[in-house]
Amino acid sequence: MTQPVFRFAPSPNGRLHLGHAYSALLNDALARRLDGRFLLRIEDIDITRCRPEYERAIYEDLAWLGLHWEKPVRRQAEHFSDYGAAFQVLKGRGLVYPCFCSRRHIAEKVEVIEAQSGKAWPRDPDGAPLYPGICKGLSSEEVARRIGAGEPHAWRIDSEAVRKRSPGPHTFTRFSPDGDEEVVEADPWRWGDTVIVRKDVPTSYHLSVVVDDALQGVTHVVRGQDLEAATDLHVLLQELLGLATPLYHHHGLILNPGGDKLAKSRKSEALFELRARGVTAAEIRQKLGFAP
Ligand code: GLU
């Protein structure tokens, strides 16, 4: 049997909070239990929002929690060529198309469709309207001209073409920390023609994460329930790219006393703030259900 490989994959776009601590500690605990490896990956493709000081803070906070990870750490922004190669596979098979639309343009189009039909247009699991296919029918001449003129564009999955090639059912194995496993069906189509290469960076979260999990030999993905729906898309991408599908566990989220999800953007108390208040790492571990 291959040695299990777990990873914690934060984005350095803010300070870590208790939810991150839980995810990191759970990955570490499961890796220990299964005699596996524990990797840390820095997901910094978003070059406008990620900052070196947040990356340094991740190392500091995780070390303070008592975690040890393998080095060197993979930093996604150093590997755009790997994601580019995966993208070329999809492009070569005619499974993606370029999209020149702005978010506003899409929203306006969807408003018109909804007004005309009197029905709500479907949303993806993140709440964004499914792409209504505006750029899908562009001629190859127009595409070449606009790209040649330097017009910014993203690349979207052509879900209709993908569905023909890979109709499914798409499945993955969900595991629980108690060791239970069950095969579940993924529904990638609820993402519609989602963006696979962004306008501003030459990849996307979805593409980078499946490429890296495969390149790093990750066997067990342990991450929050907020990413559960993304797994449906990841399973499809793995199939299209010929990559192994790891086992998945989506853990419950740590909530604020008010019942809201902890998020960097909502100014939840960060680990360094707890530390400054005199809270110890042992107390955090205990509060989150891990041995001190
Ligand atoms: N980088 C993602 C985040 O910070 C996590 C990605 C993953 O675990 O798949 O939310």
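In this text, all values refer to a predicted model and were calculated from it rather than measured experimentally. (Residues numbered from 1 in each chain as written. Predicted model: local features only at pLDDT ≥ 70, side-chain atom pairs only at ≥ 80, totals over all residues. Heavy atoms only, no water.)

Caption draft 1: Representation of the packing of aromatic side chains within the structure. Under the counting rule described, the total for this entry stands at six aromatic pairs. When the centroid spacing of 5.6 Å and the interplanar angle of 50° are considered together, the rings of Tyr22 and Phe290 count as tilted. Here Tyr22, found in helix 1 (residues 18-33), pairs with Phe290, found in the segment after helix 10 (281-287); they are 268 residues apart in sequence, far enough to count as distant. Residue class for Tyr22 comes out buried when judged on its relative accessible area of 19%. Relative accessible area serves as the criterion here: at 13%, Phe290 is assigned to the buried category. Ring geometry for Phe172 and Tyr248: centres 5.6 Å apart, planes at 80°, overall edge-to-face. Taken as a pair, Phe172 in strand 6 (residues 170-175) and Tyr248 in strand 10 (residues 247-251) lie far apart in primary sequence, 76 residues in all. (Phe/Tyr/Trp six-rings, centres within 6.5 Å; stacked < 30°, edge-to-face > 60°. Helix = DSSP H or I, 4+ residues; strand = E, 2+ residues; numbered from the N terminus. Buried < 20%, exposed > 50% of the residue type's maximum accessible area, 1.4 Å probe, protein only.)

Caption draft 2: Structural detail: the site of the ligand. Surrounding the ligand, one finds Arg7, Ala9, Pro10, Ser11, Glu43, Tyr205, Val209, Arg223 and Leu227. Ser11 places a polar side-chain atom, nitrogen or oxygen, 3.2 Å from a nitrogen atom of the ligand. One nitrogen or oxygen atom from the side chain of Arg223 is found 2.8 Å from an oxygen atom belonging to the ligand. Compared with its free state, where it exposes 300 Å², the ligand has 79% of that area covered by protein. Grouping the constituent residues of the shell around the ligand by class yields five nonpolar, one polar and three charged. (Near = heavy atom within 4 Å. Polar contact = N/O pair within 3.5 Å; in protein donor to acceptor, adjacent residues only side chain to side chain. Areas by Shrake-Rupley, 256 points an atom, 1.4 Å probe, with all protein chains shown as cover. Nonpolar A, V, L, I, M, F, W, Y, C, P; charged D, E, K, R; others polar.)

Caption draft 3: Focus on the environment of Ala85. Note on placement: Ala85 falls in helix 3 (residues 80-92). Among the residues examined, Ala85 registers a relative accessible area of 44% and is labelled partly exposed. Residues Ala85 and Val211 lie 126 residues apart in sequence; the distance between their C-alpha atoms is 9.7 Å.

Caption draft 4: Representation of the sheet that holds strand 8 (residues 195-197) within the structure. Taking strand neighbours across the sheet as the criterion, the three strands line up as 4-5-8 in an open arrangement whose pairing is antiparallel. With one partner strand each, in any of the chains shown, strand 4 (96-99) and strand 8 form the two edges of the open sheet. Strand-to-strand twist of the sheet, defined as the mean angle between neighbouring strand axes without regard to direction, takes the value 45°. Across two bridges, strand 5 (residues 154-157) lies against strand 8 in antiparallel orientation. Across the sheet, residue Trp155 finds its bridge partner in strand 8, namely Val197. (Pairing = 2+ DSSP bridges. Axes fitted to C-alpha atoms, helices over the stretch in contact; angles between N-to-C directions.)

Caption draft 5: Broad picture of the packing of helix 7 (residues 205-215) against helix 8 (residues 228-241). Direction vectors running N to C along helix 7 and helix 8 enclose 60°, while the axes themselves pass 10 Å from each other. On the basis of the axis angle, helix 7 is oblique to helix 8. The element helix 7 and its partner helix 8 pack so that their crossing is right-handed. Counted together, Tyr205, His206, Leu207, Val209 and Val210 of helix 7 and Ala230, Leu233, His234, Leu237, Gln238 and Leu241 of helix 8 form the full contact between these two elements. A class-by-class count of the residues in the contact of helix 7 with helix 8 yields eight nonpolar, three polar and no charged. (Parallel < 35°, antiparallel > 145°, perpendicular 65-115°, else oblique. Left-handed = near helix turned anticlockwise from the far one by under 90°. Contact = heavy atoms within 4.5 Å.)

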